[in-house]
Amino acid sequence: MDKIKNALKIAGIYTGLVIGAGFASGREVIAFFTSYGSIWPVGMVFTGILLSVLGWMILTIIEKEQIHTYKAFLKAVMGEKMSVLTEVISGMFLCVLFFAMVAASGSLLNEAFGIERIWGSIALSVMCLFIFRGGMDKLININTLLSPFMVIGTAVVCLITYFTKTETVMMMNGVTHKVPLMIFFSAVIYVSYNIISSVSIFAETGNIIRKDKNAKYGAVIGGGVMVFLGLMMGAILLIDSGKTTAYDIPVLAAISGGGFVINYIYILVILGAIITTAVGNGYGAVKWIESDTNINSTVVEVFLCVSAVIFSFAGFAQFTDKVYPLFGFMGLAEMFCIFKYFLTDK
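Note that this is a predicted model, so its numbers are computed, not measured.

### Thoughts on the overall build of the chain
Then, number 1: On a plain count of helices and strands, the chain comes out with 17 helices and zero strands.
Then, number 2: The proportion of buried residues among the 346 residues of the chain is 58%.
Then, number 3: Relative to all contacts within the chain whose residues are 6 or more apart in sequence, the contacts with residues 24 or more apart total 85%.
Then, number 4: When the accessible surface of the chain is split by element, carbon and sulfur atoms take 69% of a total near 14300 Å².

### Some words on the nonpolar core
Then, number 1: Among the nonpolar cores identified, the biggest contains 116 residues, and Phe73, Phe98, Met226, Tyr266 and Ile338 are the most heavily contacted of them.
Then, number 2: Excluding its chain neighbours within four sequence positions, the residues that come into contact with Met226 are Val18, Ile19, Phe23, Phe33, Met44, Thr47, Gly48, Leu51 and Tyr190.

### Thoughts on the packing of helix α4 (residues 40-65) against helix α5 (residues 70-78)
Then, number 1: Interaxial distance between α4 and α5 falls to 11 Å at its minimum, and their mutual angle equals 95°. With respect to their mutual orientation, α4 and α5 come out roughly perpendicular. Facing Ile58, Ile61, Ile62 and Glu65 of α4, the residues of α5 in contact are Phe73, Ala76 and Val77.

### Some words on the packing of helix α6 (residues 80-113) against helix α9 (residues 183-204)
Then, number 1: Relative orientation of the contacting elements α6 and α9 amounts to 100°, with a least axis distance of 10 Å. In terms of orientation, α6 and α9 fall into the roughly perpendicular class. Contacts from Ser90, Phe93, Leu94 and Leu97 in α6 reach Tyr193, Ile196, Ser197 and Ser200 in α9.
Then, number 2: Grouping the constituent residues of the contact of α6 with α9 by class yields five nonpolar, three polar and no charged.

### Remarks on the side chain of Ser312
Then, number 1: Mapped onto the elements, Ser312 comes out in the loop between α15 (297-311) and α16 (316-330).
Then, number 2: For Ser312, the side chain forms a polar contact with the main-chain oxygen of Val309, separated by 2.5 Å.
Then, number 3: What Ser312 contacts, discounting residues up to four positions off in sequence, is Val102, Ala103 and Ser121.

### Regarding the packing of aromatic side chains
Then, number 1: Taken as a whole and judged by the stated rule, the model has twelve aromatic pairs.
Then, number 2: Both rings, one in Phe93 and one in Tyr193, keep their centres 5.7 Å apart while their planes meet at 75°; by these two values the pair is edge-to-face. With Phe93 in helix α6 and Tyr193 in helix α9, the pair connects residues that are 100 residues apart, well separated along the chain.
Then, number 3: Relative to Phe99, the ring of Phe98 lies with its centre 6.5 Å away and its plane at 50°, an arrangement referred to as tilted.
Then, number 4: What makes Phe98 buried here is its relative accessible area of 0%.
Then, number 5: Members of the aromatic cluster, connected to one another through ring pairs, are Phe32, Phe33, Phe93, Tyr190 and Tyr193.

### Let's talk about the pattern of salt bridges
Then, number 1: Scanning the model with the defined rule gives three salt bridges in all.
Then, number 2: Here Glu80 makes a salt bridge to Lys75, at a shortest N to O gap of 3.8 Å.
Then, number 3: Notably, a salt bridge pairs Arg133 with Glu301, separated by 2.8 Å at the nearest N-O pair. With Arg133 in helix α7 (residues 117-133) and Glu301 in helix α15, the pair connects residues that are 168 residues apart, well separated along the chain.
Then, number 4: On the accessibility criterion, Arg133 (47% relative accessible area) is partly exposed.

### Details of helix α14 (residues 260-293)
Then, number 1: End to end, α14 covers 48 Å across 34 residues, agreeing with the expected 50 Å (1.5 Å per residue, within 8%).
Then, number 2: At the exit of α14 stands Asn294, carrying a positive phi of roughly 60°.

### Focus: the confidence of the model for the chain
As a note on interpretation, predicted positions should not be read in detail where pLDDT is low.
Then, number 1: Here the chain averages 81 in pLDDT, and 88% of its residues register 70 or above.
Then, number 2: Scored below 50 in pLDDT, residues 168-175 shows 20 contacts in the model against residues more than four places distant or in partner chains.

### As for a nonpolar patch on the surface
Then, number 1: A contiguous nonpolar surface patch, about 920 Å² in accessible area, is contributed by Phe113, Ile115, Trp119, Ile122, Val126, Phe130, Phe260, Val261 and Tyr264.
Then, number 2: Looking at the nonpolar patch, the elements with two or more residues in it are α7 and α14.
Then, number 3: In terms of residues, the nonpolar patch owes the most to one element, α7, which gives four residues.
Then, number 4: Structurally, Tyr264 can be placed in helix α14.

### A closer look at the environment of Thr34
Then, number 1: Positionally, Thr34 belongs in the loop between α3 (27-32) and α4.
Then, number 2: The class of Thr34 is buried, set by a relative accessible area of 7%.
Then, number 3: For the pair Thr34 and Leu231, spaced 197 residues apart in the sequence, the C-alpha separation amounts to 9.7 Å.
Then, number 4: Every residue in contact with Thr34, bar those within four places of it in the chain, is listed here: Val29, Trp40, Gly234 and Leu238.

Criteria and cut-off values
- Residues numbered from 1 in each chain as written.
- Predicted model: local features only at pLDDT ≥ 70, side-chain atom pairs only at ≥ 80, totals over all residues.
- Heavy atoms only, no water.
- Helix = DSSP H or I, 4+ residues; strand = E, 2+ residues; numbered from the N terminus.
- Buried < 20%, exposed > 50% of the residue type's maximum accessible area, 1.4 Å probe, protein only.
- Contact = heavy atoms within 4.5 Å.
- Areas by Shrake-Rupley, 256 points an atom, 1.4 Å probe, with all protein chains shown as cover.
- Core = buried A, V, L, I, M, F, W, Y, C linked by side-chain atoms within 4.5 Å.
- Axes fitted to C-alpha atoms, helices over the stretch in contact; angles between N-to-C directions.
- Parallel < 35°, antiparallel > 145°, perpendicular 65-115°, else oblique.
- Nonpolar A, V, L, I, M, F, W, Y, C, P; charged D, E, K, R; others polar.
- Polar contact = N/O pair within 3.5 Å; in protein donor to acceptor, adjacent residues only side chain to side chain.
- Phe/Tyr/Trp six-rings, centres within 6.5 Å; stacked < 30°, edge-to-face > 60°.
- Salt bridge = Lys/Arg side-chain N within 4 Å of Asp/Glu carboxyl O.
- Expected span 1.5 Å × (residues − 1).
- pLDDT = per-residue confidence, 0-100.
- Patch = residues over 30% accessible without salt bridge, like charges linked within 9 Å, V, L, I, M, F, W, Y side chains within 5 Å.

Below, the structure written as C-alpha cells:
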C-alpha cells in the first residue's frame, strides 16, 4: 500500500503540474493539438508517451544521484557552465507560469460570473501566499487532494457534453491550414516547457523517490492521465471550434447549455487546475529566487505574488499562445540533455 501511495503522490504532483489551467481551460489543447486537424489525436498520444518517458528518466536520475535541488539536477545532466544559463531560463519560466495562473483565475471568474478580472487574480495570489508558508508538505497535500477531483470531474463533464450535444462531431475532425506532421514538433515543444516546471518540483520531492524507487511509476500514470483527458477535451472543443477559440477559457464555451451542474463542476475543475499549477510553479520560483539571492523567503513570496497581480493584466491567452511556446524552444536543450544523460550514463 505504501508503494501505491508513493506512486500516486508522484502522479498527483505530475498531473497537477501538467494539467494546469492552460490544459484544463482548453487553450493549450487548441494551440498545440486540435488546430492541426485530423492528426491531432496522434499528437496527443505522442505527448503522453514523451511525458511518461521523460518523467521516468528524471525520477531515475534524482534517485541515482541523490538529488535534493533543481540546481543539483541541472549540474548533473548539463554540466556546470550550461546549467547556469538553463537555471536562469527555467527560473524565469516558473515565474511566468505563476503569473499565467494568476491571470487565469481572473479570466475564469470574469467569464464564469462576470467578476472583474483583478479580483480573481488578487484572490489567488493571497491564497498562494498562505500555501507557500506551509512548505512542500502542504503543496504535496494540495496536489494529492485536488488532482483526483480534476481528473474525475474533467472526464465526467467531457463525456456528458460529448454525448448530449445536438451537433455531431467525429474525434478525427478538424480544419487546419497547418502542416499536419508539424504536430509532432508541437508536441515536443509542449512537453519541453512542461518538463521545466516538473523537474523543479520533482527535485524538491526527491525524498519520496529515495524511499521508494517504485514511485517512478507515478510518472507513467501522469502521462496516461494526460492522454485520456486530452482526447476527451479535444473532442468537445471540436464540436463548435469557431465559438470556443474566441474565449480565454474555451471549454466553458464548449460545455455551455449543458446545465447548471455541469458548468459549475467544470468551473471547480479549472479552479483546481489553476491552484495546483500556481502553487507548484510559484513554490519553485520562490526557491529559485531565494537560493540565488539569499533574500528572506517571506519577502520573495510577497514580491512574487504582488508581481503576479500586476502581470495578470496581460491576459491569460497571451501567456498560453505566445509566451509558453517561447520557453518551450528554450527548454529543448534541457530535454535533450536528460535523454543524453539517461542513455549514456545510466
